[in-house]
Each structure stands twice: as C-alpha cells, then as structure tokens.
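Chain residues, written in single-letter form:
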Amino acid sequence: MYQKILKEIQQPYYQQQYPNDGQRFIAWYLRNIHGLDEIQTKGCITDGANDKQIDAIFVDDNSSTVYIIQGKFIGSSQVDSEPLREILSSWVRIKNMIALQEDANNKLKQKLIDLSDALQDDYDISFELVTTATLTQAAKADLERFQEELSNNDELSASIHLIDSDEIRRRYDLALDKENPLINHTVILDPNKYLNIELGNTKVVLAALPLSECIRFPGIKDGTLFKKNVRQSLGLSNAVNKGIKQTIYNDAEEFFFFHNGITAICTNMEIHNDELSLQGLSIVNGCQSLNTILSCSEKVKAQENSYVMFRFYEIPERNRADKISVSTNSQSAVKPRDLRSNDKRVLGLKKTFEQKYSAGYMLTKRGEVAPANKDEEYIVDLSDLGKYLMAWHSQRPNISYSESKIFDKYFDQIFRKDYCPEKVQALNELSKSIFKRWIKENPLGLNESLLAMKSYAPYHHMYAVSLCFCVINNMAEGVPDPAIAISKLKCNYVYDEIIDMAGTCLNTALEAAANEPQPGNRVFSPQNWIKTKTCLTGIRAAIRQYFNMLPAMPGGRDLSQKYKSALQMEPEFFEERWSAD
C-alpha cells in the first residue's frame, strides 16, 4: 500500500493542495476510505504548526461519529509507540477544549467548533492511527492498554483504532464496494397479494405490486437503484422494452402474466402492518422494466388492475448478491462486459481515474450516461478502454474488435487494478484523435476498404502509433508507456504528424498485402487480413520502410532527424507485451 499511495499522491491535486507527503497521505485516506470530495478533505485537515498531534478531524453525521486522525506515512516496516502517545496526548487536550482552542492553529480551532457541537449531540469519538507500517510488539501492548483507558473513562469515552497497511488495503477494497447513496424505501403491500417466507436462512417476500407502486421507488431516473445491476437502462428502443411498453398500453391486466418479474435485494427488511421496510435496496433484475414503467407513469397511474411480480431478498453478502444479479438477468442478453462492470479491478480503475481527473468519468455499464458536468475529453467507456489496452499493451489490434474475448478470455490479462489513470487518459485522448481521421471526408486518403472497417481498423492505427516508438528505438519486443509516449509527441510538436504517418503506413501495409499473389487463385479479403497476425507484421514493415526511406525524400533528412529526436525513449520506458495469445 505504501508504494501505491506514494504513487497516487503525486497527482496534481495532492501536490498543489498540500505541502508535504504527510498531509497528502491523510488527504488520500480521507478521499479514498472515508469517501470525501476535494473540498471536504481540505476542510478536515488540521496538520501543521500547533496541530496538537491532530492531523485531521472528520465529523461523520451519517454514523454520528467524530474521527480524529493521526497519520504516519513511512516506508519502514515498523513504528513504535510514539504516535500512540501523541493520540493519548490529543485525547487529554480535548478534555479541556477551552485551553486547546486557545493554543491551536486556525484550522484546528475551526474544527474544534464542529467537534464541540458533535459532542453535545452525543457523537462517538474514534481516534484513528493511520500508518503504512505495523506496530512493534511493545507498541501493540500500549495500544491495548490505551484502548482500555479511553473506553473506560467517564469524562470523555473514546475508542482508538490502528489502521495499518493491511487494514488500509481492506478498507480500500470495501470502499470500492460501498453503495452511495444508500437507498431505504417502504413498500405498501396488499394483504392478499404477498407471501412472507424464509428459504435457506434467507428472508424472502414474494409480492404482486401494482405498477403504480413501482413508480414510487426512488433512484430509478438517476440509476442509483440499479447500482448492483450489471447494466443500466438500454433505452426505450430496446426490443424488450418496446414490448413492455406495448403491454402497458394494450394489455395492462395481462402484465403480471407476460412479465418474468423483478428481483430486488436489500441488506435488511421487515414487515409491519403490511408495510415492507427495505434498507440498502437495490434492483438486480428489472432495470429495463422499471425505467419503461416510469416512462409510462401517467398511463400507469390510471390503471387499477395491472401488477408485476416482485421478489425481495435479504442478501447482505456482496458475492452472493453479484451472483444473483448475473443469474437473474435473462430478458435482455447479458454480455461479458456487463458481468465485469462490478469487478473490483474495474471499480479500482474507475475510482483512481475519476480521482485523478475531477472532470473525468469512466462509464462501466451499458446504458450508463456521464453526468452533464463532466468534460467529454475525459470521458472513457470501459468497453473502449479494453480495446485500447488490447491494441496497445497486448499489441493485438486484430482482437480488439471482439468485446466478448476482451471481457471473458483475456480480461485477467489486460485489466489491471493498479493501471495508472495517466495511461488511461493517454489512450483515451489518442483514440479520439485517431477516430477524427476515420470520418467520411477521409483526410488521410485511406483505402475505401479500410474506411469500411471502421469497427476494426482504427485499433490497428493505434497499434501503428506504438510501433513508431518501437522502430525508432530498435525495440523488437516491448511496448512504450502510453502516457510518456503521448507526452513526448506533444512536447516535440509532432503529435498530429505521427498519427497521420501511422495511418498512412497502415494504408500502405493493406495495399502491399492486396498486391501479393494469392495461393490457389484466391481473392484477397481486407476483412480477413485485418483480423490476422499477418497484418501486424505488415504494419511494422511499412513503418520501418517509411523511416528508412524518409532521408532520401526531399526535405526528408531534417524530418527524419526531427522524428528520431521526438520518438527517442529510454529502454526503461518500455515494458513487456501483455500476452493475449
């Protein structure tokens, strides 16, 4: 965790907002573990001169808890009792709030006001020692002793918790799974139309709900109700959704019999006087149906005898909930990409990308739409990212067209939890620039057969850009770091030139292959060629030939030197190809 955090706090937000790694570490913890935004995080940090051994104070109104944080960001394996004694000292000072406020720095003074208000409302106090090291045996003994002392004190009871490297990792993983916001809802049940049972130690409620009751569920329109679903709404043009809408308007009384039903899970549910109280509610099968029903809300309100079957399960375990989500989605085909939308590697990539780029957004589910306040240049689709990774890092653009292979057979090879956001954005930006060359106007003069393969060939174009670095640096094996590569192209003002040249070389490789004699009088097929490894060899050969011939062209000697200088990269900036064979 130390290396991961050290890398992530190099991001501009941490470097610009906080003067040292200690504060950056606490800011990282508040953002990634407690889920605060940039402004909230800044307001919680009290570290500095006269901080009285208090690095941050976070008042969590949801849990009625005040977190008082002491951080130790160190690369060594162990830490002694000193930070524990600092926590004990801060606890003693808090018991005399007036004296503490007189001596504290301005940031701490402001947070002490919030702390005082929280104590008046009987909030719990939780001291957290957050460190990337582990405690020595002596420190562990002190921790146990201090825990007992703080919890048994009648004047100011508090708890103290060690958040070491392993615990940070555990909480980080839990934060990826956290549902935000948490949806609670109460459903009014018809006493003659529901069944309350228990199956395999699991509470189950089967109910026929009026369609008018369905539109009362919160979180349909913004998609938060479907957080655990494998996809978001696919729109009213979807064939299944068209059928649902048609039934609502033409055969509403038959809706219950025509529809497979809706599956909902929650962390807790209770029935009292025919009212079903649901906590932590999520729809895992029924996203399309509820969105379609909501789109017909006025028609639904006017109907009295239209029902739909609801299955409510009390499922607090995430893994089991995920299995139910996958297994119950059968009305519209579930694609491999859908099944991976809640994978921890995907959630990790999304979290780090959106933290790095506050204006950015990663779309991980089919039908998902980025918020309106996000910058289009920093919006990346998970499906597209998989294709970029296959083309660049696996050097197999001939597989990039196959979404099923990327999210099934090769998922573990190309999606890596610690893949840095700078690389994601570099590939995202490069792809947008490449696709601008694949428009109807054909600015590069590409062969028409290439333009007809817009679903496949642009990923070969991206592959060709990466090969420019490999050829110039005589790297027969290896893949350039995309973030460094794109940065070098821009810094040397050859970004557009290299993209254009790579596209031209792709075109040259296709035409060269088309002119080769075909065995057995067969006819050359561009569609077959683009999906074979043969095309990869041809593209590399075309790029090498271009660079070799460039000095002989008019003005080519200076241009050749310009490109060599711009594309020169140290060997350490190349990495092994991600195998996908």
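Residues numbered from 1 in each chain as written. Predicted model: local features only at pLDDT ≥ 70, side-chain atom pairs only at ≥ 80, totals over all residues. Heavy atoms only, no water.

S.K.: Whenever I open this one, the packing of helix H17 (residues 344-356) against helix H21 (residues 421-435) confuses me. Can you help?
M.R.: Remark: H17 packs on H21, axes separated minimally by 9 Å, with the N-to-C direction vectors making an angle of 80°. In terms of axis orientation, H17 runs roughly perpendicular to H21. Between H17 and H21, the contacting residues are Thr352, Phe353 and Lys356 on the first element and Pro421, Glu422, Val424 and Gln425 on the second. Class assignment for the residues of the contact of H17 with H21 results in three nonpolar, two polar and two charged. (Axes fitted to C-alpha atoms, helices over the stretch in contact; angles between N-to-C directions. Helix = DSSP H or I, 4+ residues; strand = E, 2+ residues; numbered from the N terminus. Parallel < 35°, antiparallel > 145°, perpendicular 65-115°, else oblique. Contact = heavy atoms within 4.5 Å. Nonpolar A, V, L, I, M, F, W, Y, C, P; charged D, E, K, R; others polar.)

S.K.: Explanation requested: unusual backbone geometry in the structure shown.
M.R.: For residues besides glycine, phi is generally negative; the peptide bonds are generally trans as well. Phi angles above zero are rare outside glycine, and Asn273 is one such case at about 55°. With respect to the element layout, Asn273 can be found in the loop between strand E11 (268-272) and strand E12 (275-279). For Asn273, a relative accessible area of 63% gives the class exposed. Positive phi, normally seen in glycine, also occurs at Asp274, with a value near 65°. Following the sequence through the fold, Asp274 ends up in the loop between E11 and E12. You can call Asp274 partly exposed: its relative accessible area is 25%. (Buried < 20%, exposed > 50% of the residue type's maximum accessible area, 1.4 Å probe, protein only.)

S.K.: I would appreciate a short explanation of the side chain of Asp142 in the present structure.
M.R.: Relative to the helices and strands, Asp142 resides in helix H8 (residues 137-152). Setting aside residues up to four positions removed in sequence, Asp142 forms contacts with Ser81, Leu84 and Arg85.

S.K.: What is the right way to look at the packing of aromatic side chains in this model?
M.R.: Aromatic ring pairs are reported here in terms of the distance separating the ring centres and the angle at which the planes meet. A full pass over the atoms with the stated rule returns 18 aromatic pairs. Here the aromatic residues Tyr2, Phe25 and Phe73 are joined through ring pairs into a cluster of three or more. The side chain of Lys95 reaches across the aromatic face of Trp91, ending 4.1 Å from its centre. Here the guanidinium or amino end of Lys490 rests over the ring plane of Tyr495, the centre of that ring lying 5.6 Å away. (Phe/Tyr/Trp six-rings, centres within 6.5 Å; stacked < 30°, edge-to-face > 60°. Lys NZ or Arg CZ within 6 Å of the ring centre and 35° of its normal.)

Purely geometric stuff here, so don't read any function into it on its own.
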